[in-house]
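The lines below spell out each chain.
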Amino acid sequence: MSPRAEHTNSELAALFQALPDLVLTVEPDGTIVDIKPGLEEIPYMEAADLLGRRLQDIPIDSDEGDTEAVKVSQ
């Protein structure tokens, strides 16, 4: 890798790590392949438990307390 590419890569990695939000990398079918936990905890599960699962198969709690699946558009 060229020095310029390495520098850009380092800058992007630092920026990514500084983000306070949860960031997921997903495949087109919704499968989570990488996760960067945010500063706040996920209230009802461990971040590592999300790896390998599909977004649409993960229940979420809505404001009303109902549980529903995440909807993924392709």
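Residues numbered from 1 in each chain as written. Predicted model: local features only at pLDDT ≥ 70, side-chain atom pairs only at ≥ 80, totals over all residues. Heavy atoms only, no water.

### A look at the overall build of the chain
And then number 1: Check the secondary structure of the chain and you find one helix and four strands.
And then number 2: Counting from the amino terminus, helix and strand elements in the chain follow one another as α-β-β-β-β.
And then number 3: Split into buried and exposed, the 74 residues of the chain put 15% on the buried side.
And then number 4: In the chain, once contacts between residues fewer than 6 apart in sequence are set aside, the share between residues at least 24 apart is 14%.
And then number 5: For the chain, the exposed area adds up to about 5,800 Å²; of that, 53% sits on carbon and sulfur atoms. (Helix = DSSP H or I, 4+ residues; strand = E, 2+ residues; numbered from the N terminus. Buried < 20%, exposed > 50% of the residue type's maximum accessible area, 1.4 Å probe, protein only. Contact = heavy atoms within 4.5 Å. Areas by Shrake-Rupley, 256 points an atom, 1.4 Å probe, with all protein chains shown as cover.)

### Quick word on the pairing of strand β1 (residues 23-26)
And then number 1: With four bridges connecting them, β1 and strand β2 (residues 32-36) associate as antiparallel partners. Within β2, the position partnered with Thr25 by the bridge is Asp34.
And then number 2: In textbook terms, the turn of a hairpin is the stretch between consecutive antiparallel strands, and for β1 and β2 this stretch comprises five residues, one of which, Gly30, has a positive phi near 95 degrees. (Pairing = 2+ DSSP bridges.)

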